[in-house]
Structure formats: structure tokens, C-alpha cells
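# Structural overview for review
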Amino acid sequence: MKDKHRTMTPQLRFPEFECDGPWSTRPLGELCDRIVEKVGDVTLTPVSITAGRGFVSQAEKFGRDISGAQYKNYIRLRRGEFAYNKGNSKLYPQGCVYQLKEYDEAAASNAFICFRLRSGNAPAFFEGLFEKNAHGRQLAKFLTSGARSDGLLNIKDDEFFSVRLPIPPRAAEQRKIADCLTSLDECIAAEGRKVEALRAHKKGLMQQLFPREGETRPRLRFPEFREAPEWEDRKLDDLALRGTGHTPKKGIPEYYNGGIKWVSLADSKRLDNGLISETEIEISEQGIENSSAVLHAEGTVILSRDAGVGKSAIMEFPMAVSQHFIAWTCDSHELSSWFLYYVLQNMKPLFEQIATGSTIKTIGLPFFIEMRVTVPAVQEQHRIASCFSSLDALIAAQSQKLDGLRAHKKGLMQQLFPSPAPEGV
């Protein structure tokens, strides 16, 4: 018979708790009270839950309020209370649990299981457990099939509240861990705001350093170019050699696993970061020779015109591309590759707007054949590109710092919380 009061000890403990003995597990139902109070006629913001983020308004997530006639049956949730979203996601296959922090009160879907912790429990401690997915492994045993027709998992209320969570002997240790994780979250949030501020600054600077549509002079110019001529409206095909690519026949081994890097839609995550140097797939010279694939020169600017429409990059080495990309090899005397890259970045909202298609958005080739750009002399192009390149370096460094903090928190939680109990415990 399995011990329902299984004990465990975390790898890392604060000094004042090292002699407290092991932790034990307790069912969530003993630590909280379920919330069933309906919204009724009270006007509150209808919210949803997004894995990896938490509570967001329905208007933000779905583009509109989808509560409809069901609104009055929504749960009235107050700041500090929790909700379990039964929807599965890549991050939380068995559903996610979040604490409401974004609103003083909100209307949560009655499909969520809502609860408040009983007095003496530290909410941030439980946030850490749910972030670590302490509930997911145990809930998995209750899933006998996939999601229901409404996309929700078949998890019953009593099954959710039966989840056993590791609890330290003293509430003081809960609070200590909660304070530690809260401080880390505050640091992560502050660094995240710095990243967003830099991105917003870059976006605003683009609006200033590039002319508005139909104009030939930007609102902001570097001092050495303030007396320079207006920018020229040019057809892009007159400034760069346009090309595309092809997918070598699949199922022919000698066409693949060669030494030529081949940019495909699988490399979408590598785009919008300046240079692209690695690809998911490499093809062979035979793959080039026996298809309409083309090897493009180092410095070629590429743009995705299909899935991930509008994403762009510059080739660090000679590469080939699939037919989903447009590639421009620039005449360096008239058009800087880096300047074109930032022009394309600035045009991304337009690309997203003109893309068509019900499932996969795409931009037809005729648009690129007639595509026009407004350009200054190449010296001013280099100056603008250098400015944005420096900003991108700052954003990348700040993003790495943010990722480092997140990784530190993840590693710390693995040590501050005991390993999950085995299934059935």
C-alpha cells in the first residue's frame, strides 16, 4: 500500500529550516476553498488564461468579449485568488493554474476551476508549485482521452482538488520561499520592461528615420545629412537582383545532408534577428543542380512571403532558400543590405496587412515585382543601418540577461521544491 503521506526533502533549504525535517504532501482540497460565486449583474472584465503569461482580458486574447449570455454565470474572481484552466498547451499539457494579479476583480469563465488559499498559506509559494507544473503529472492519470469538443480536458473538480502538493513543516518556510521567488519575479519583470522599452524606442525611431508613405524626407535626420538631397523613390528591382528558391525533391537522399545551408520555413525562429548563419536543413550540390534551387551570395537579404510572412534576415554565408522566400542581392553602390533589412523590418505591418489566405497567409509574387522603396545616398543608408544595428545589439544583450534570470529561477525552483511525487502517490 502506498504511503499517502510520503515525505520528501528539497535539495536546497534556507539555513534556518535545515533542521525542520522532511516535507510532506497534502491534497490541494485541504489547503483551499473553491470559489463558486457568480458574477450576476456586476460589471467586470471577462478574462481568459494564457499559458506562460496568466490572466488576459478576452478582448485582448480573442479580439472581442466572447462571454455573451454566459457572462452572468461567470465566476467572480478577486485579486490573489487562483483559477485552473483545463485547456491543454505545449507548456502545460494538463492545464495551467494562475493567480489573479492583473485586476482587483474579474469575471472568469465558469469552465475554470477557481479557488482561494486558506489563511496561513503563502500564495507566491503555490504560484511556484503551479509554475513548476506540480499538478500536471498527477492530473495526467485522469485523462482517458483527448480534449472535449470545446477544447477542454476531461478533468473533474474532485480530481483537480485531489492533487497532492509538497508542503514544508512550517508556514515560515513557505513564506521564505515565496519572498525569494517574488523578489526574482520583480527582477524579471523589471528586466522585461527594459527589453520592451528598447523595442518601443526602436519602433519609434524607425517611424522618425524613415519617411512616411508618399514622402521623400524623414522627420529626423542625422546632423551630417540634414542638408542632403531628399530620398529617392525607386523600384527595388533596379537596386537589387531579386530571386527566390526551390525545394529539392524529397525522398532522394543525395539531395540532402550536404554542406549547403538551406533556409526553409523551419527556420522561422531564426529570422528577424539580423544575420542568419544556421539552418535546420542542409542540401547538397546535387540538390542544387537537379532543381531550380539557387545558391545566393553572402549578404543576400531574404524575406518570408508565406508562413511567418514579413520576417527577414541577411545571409552570413552563401545559402539557398525554399520557394517561400524572396531574396535580394543588393548593388552595394546604391543599396546597403543592412539598410534594406531595416526597410523590410519597418514594412512588416504592411506585409502582414496585405497577406492573404485562410490558413497560411502569403504575399503573391506580383507585389515584389512592383515593390518600391525610398532611399537616400548610400552613406546615409550605412549611418541609419549602424544606428539600428547598435540598438539591436542592446536589445539582444538585455534579452539574454532576461533569459538568464528566467533560467536561474527555473533552476532555483528545482532545488527549492522537492521532486514531484510518483504517479499514484
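Conventions and cut-offs
- Residues numbered from 1 in each chain as written.
- Predicted model: local features only at pLDDT ≥ 70, side-chain atom pairs only at ≥ 80, totals over all residues.
- Heavy atoms only, no water.
- Helix = DSSP H or I, 4+ residues; strand = E, 2+ residues; numbered from the N terminus.
- Buried < 20%, exposed > 50% of the residue type's maximum accessible area, 1.4 Å probe, protein only.
- Contact = heavy atoms within 4.5 Å.
- Areas by Shrake-Rupley, 256 points an atom, 1.4 Å probe, with all protein chains shown as cover.
- Lys, Arg positive; Asp, Glu negative; His and termini not counted.
- Charge placed at Lys NZ, Arg CZ, Asp CG, Glu CD.
- Axes fitted to C-alpha atoms, helices over the stretch in contact; angles between N-to-C directions.
- Left-handed = near helix turned anticlockwise from the far one by under 90°.
- Nonpolar A, V, L, I, M, F, W, Y, C, P; charged D, E, K, R; others polar.
- Pairing = 2+ DSSP bridges.
- Salt bridge = Lys/Arg side-chain N within 4 Å of Asp/Glu carboxyl O.
- Phe/Tyr/Trp six-rings, centres within 6.5 Å; stacked < 30°, edge-to-face > 60°.
- Lys NZ or Arg CZ within 6 Å of the ring centre and 35° of its normal.

### Let's talk about the overall build of the chain
- Along the backbone of the chain there are 10 helices and 22 strands.
- Across its three principal axes, the chain shows a C-alpha extent of roughly 75 × 55 × 50 Å.
- Residue burial in the chain is summarised as follows: out of 425 residues, 45% are buried.
- Looking at the chain alone, contacts between residues at least 24 apart form 73% of all its contacts between residues at least 6 apart.
- Of the accessible surface of the chain, which amounts to about 21700 Å², a share of 51% is contributed by carbon and sulfur atoms.
- Charge centroids of the chain, computed over 56 positive and 54 negative side chains, lie 6 Å from each other.

### Focus on the packing of helix α7 (residues 337–346) against helix α10 (residues 378–416)
- Where α7 contacts α10, the axes come no closer than 8 Å and their chain directions differ by 65°. Of the two elements, α7 crosses α10, and the hand of that crossing is left-handed. Where α7 abuts α10, its residues W338, F339 and Y342 lie against Q381, I384, A385, F388, S389 and D392.
- Looking at the contact of α7 with α10 residue by residue, the classes come out as 6 nonpolar, 2 polar and 1 charged.

### Some thoughts on the pairing of strand β2 (residues 23–27)
- Only one face of β2 is covered, namely the one carrying W23, T25 and P27; the face carrying S24 and R26 has none of its residues buried.
- Bridge count for β2 against strand β11 (residues 164–167) is 4 bridges, and the pairing is antiparallel. Pairing of R26 across the sheet is with L165, part of β11.

### Concerning the pattern of salt bridges
- Using the criterion set out here, one finds 33 salt bridges in the structure.
- With a closest N to O distance of 2.7 Å, E131 and K409 form a salt bridge. With E131 in helix α2 (residues 123–131) and K409 in helix α10, the pair connects residues that are 278 residues apart, well separated along the chain.
- Its relative accessible area of 37% is what places E131 among the partly exposed residues.
- Looking at K409, the relative accessible area reads 6%, which means it is buried.
- Among the salt bridges present, the one from R383 reaches E224, with a minimum N-O distance of 3.1 Å.

### Considering the environment of G136
- Inspection of the secondary structure puts G136 in helix α3 (residues 136–139).
- Classification of G136 by relative accessible area gives buried; the value is 0%.
- Along the chain, G136 and K203 lie 67 residues apart, while their C-alpha atoms are 39 Å from each other.

### Thoughts on unusual backbone geometry
- Not every positive phi belongs to a glycine, and N133 is a case in point at roughly 65°.
- Mapped onto the elements of the fold, N133 is located in the loop between α2 and α3.
- Despite not being glycine, N257 shows a phi value in the positive range, around 60°.
- Overall, the relative accessible area of 74% leaves N257 in the exposed class.

### A look at the packing of aromatic side chains
- Taken as a whole and judged by the stated rule, the model has 25 aromatic pairs.
- Look at F82 and F115: their rings are 5.4 Å apart centre to centre, the planes differ by 10°, and that puts the pair in the stacked class. Here the residue F82 occupies a position in strand β7 (residues 82–85), and F115 occupies one in strand β10 (residues 113–117), the gap between them amounting to 33 residues.
- Note on F210 and F388: the rings are 5.9 Å apart at their centroids and 15° apart in plane angle, and the pair reads as stacked. Of this pair, F210 sits in the loop between α5 (171–209) and β12 (232–235) while F388 sits in helix α10; the two residues are 178 residues apart in sequence, bridging distant segments of the chain. Comparing F210 with F388 shows no difference in burial state: the two are buried.
- The rings of F210, W231, W338, F339, Y341, Y342 and F388 are connected pair by pair, giving a single aromatic cluster.
- Against the face of F14 rests K176, its NZ or CZ located 5.4 Å from the ring centre.
- Positioned above the aromatic ring of F222 is the side chain of R383, whose terminal nitrogen or guanidinium carbon lies 3.9 Å from the ring centre.

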